[in-house]
Structures are given as structure tokens and as C-alpha cells.
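Below are the chains, spelled out letter by letter.
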Amino acid sequence: MAKQSISLKDALSHASEIHISVTGRKSGKTISNPVWFAADDAKLYLLPVKGSDTQWYKNVLHDPSIRVKAGGTEAELRAAAITDAKQVMPVVEKFKHKYGAGDVKKYYSKLDVAVVAPMP
């Protein structure tokens, strides 16, 4: 991997959207998707737009290794599903704060799960 000029955390601070790559649970192929995200100092949070019905989410359940690309920076992270409603809601609130409650309501049809990945 090429030497990173800026850290993933720095790249995320300048991005409104990132690309995640997951391994297809049936095809075994790398699948890349643009996604919205929220982050704090230690963790990256993802909210699947169709909740537990989202294909990339189902792939993460099968193989938790994800590649995150923000700007010119890439990193391999290990994702974990959040399925407890009490833990999903704070992630939803982070998205509402970042993108606006109206857009979250408009684009996210099911809010039953989230994904968290610790950052290096």
C-alpha cells in the first residue's frame, strides 16, 4: 500500500462521503459503494440505507473486513454490526447531526442496524 500522506481521521474530517469496499458473500468479488458516515476520534460509524436489508451490510456480516477510502487515503478496518436498538439510535443521531434529520429520514428507509469500525 502506498504511504499515506494524511491519516484516515484527517481525510474523514474533510469528507462528506466515503467509499467502502466489502467482499461479496456469494461472489467473493470486491464490491465498492459510496456511503455516508459519522466518525469520532476512535471509531467510524456506518448506517446502511435499507438497514439489515442492505447488501453491503449482509456482506459485512459474512466478512467483517472493509476497505475505506476517503479522498486519497485508504485503510483496512474490521467492522462490527450493531443490532441493539439502544446502540443504533446514537449512531442515527450522529448522522442526523451531520447530514440533517430531513435527509436521514429521506434516504434511510430502515434504522434497525448500524456498523462500527475502530480506526487505527
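Just above, that's the structure.
Residues numbered from 1 in each chain as written. Predicted model: local features only at pLDDT ≥ 70, side-chain atom pairs only at ≥ 80, totals over all residues. Heavy atoms only, no water.

Topic: the nonpolar core
Line of reasoning, step 1. If you look at the biggest cluster of nonpolar residues, it comprises 38 residues, and the most contacted ones within it are Ile 18, Leu 44, Leu 46, Trp 56, Ile 66, Leu 77 and Phe 95.
Line of reasoning, step 2. Elements represented by at least two residues in this core include exactly α1 (8-13), β1 (18-23), β4 (43-46), α2 (55-62), β5 (65-70), β6 (73-78), α3 (85-99) and β8 (114-118).
Line of reasoning, step 3. At five residues, α3 tops the list of elements feeding residues into this core. (Core = buried A, V, L, I, M, F, W, Y, C linked by side-chain atoms within 4.5 Å. Buried < 20%, exposed > 50% of the residue type's maximum accessible area, 1.4 Å probe, protein only. Helix = DSSP H or I, 4+ residues; strand = E, 2+ residues; numbered from the N terminus.)

A look at the sheet that holds strand β2 (residues 30-35)
Line of reasoning, step 1. Spatial ordering of the open sheet is given by β2-β1-β5-β6, a layout of four strands whose pairing is antiparallel. Among the strands making up the open sheet, the edge pair consists of β2 and β6. Strand-to-strand, the axes of this sheet are offset by a mean angle of 25 degrees, without reference to chain direction.
Line of reasoning, step 2. Of the strand pairs in this sheet, β1 and β5 are connected by three bridges, and their pairing is antiparallel. (Pairing = 2+ DSSP bridges. Axes fitted to C-alpha atoms, helices over the stretch in contact; angles between N-to-C directions.)

Observations concerning the packing of aromatic side chains
Line of reasoning, step 1. Tallied over the full model, the rule gives five aromatic pairs.
Line of reasoning, step 2. Between Trp 36 and Tyr 108 the ring centres are 6.0 Å apart and the planes differ by 40 degrees, which places this aromatic pair in the tilted class. Of the two residues, Trp 36 sits in the loop between β2 and β3 (38-39) while Tyr 108 sits in the loop between α4 (101-107) and β8, which places them 72 residues apart along the sequence.
Line of reasoning, step 3. An aromatic cluster is present here, built from Trp 36, Phe 95, Tyr 99, Tyr 107 and Tyr 108 joined pairwise through their rings.
Line of reasoning, step 4. Note that Lys 98 overlies the ring of Phe 37, its terminal NZ or CZ placed 3.3 Å from the centroid. (Phe/Tyr/Trp six-rings, centres within 6.5 Å; stacked < 30°, edge-to-face > 60°. Lys NZ or Arg CZ within 6 Å of the ring centre and 35° of its normal.)

Some thoughts on the pairing of β4
Line of reasoning, step 1. Pairing between β3 and β4: two bridges, direction antiparallel. Residue pairing in the sheet places Ala 39 in a bridge with Leu 44 of β4.
Line of reasoning, step 2. Taking the residues that link successive antiparallel strands as the turn, the β3-β4 hairpin has three residues.

Some details on the environment of Val 88
Line of reasoning, step 1. Summarising the element assignment, Val 88 is placed in helix α3.
Line of reasoning, step 2. Judged by its relative accessible area of 1%, Val 88 is buried.
Line of reasoning, step 3. With 27 residues separating them along the chain, Val 88 and Val 115 place their C-alpha atoms 8.6 Å apart.
Line of reasoning, step 4. For Val 88, the contacting residues outside a window of four places in its chain are Ile 82, Thr 83, Leu 111, Asp 112, Val 113 and Ala 114. (Contact = heavy atoms within 4.5 Å.)

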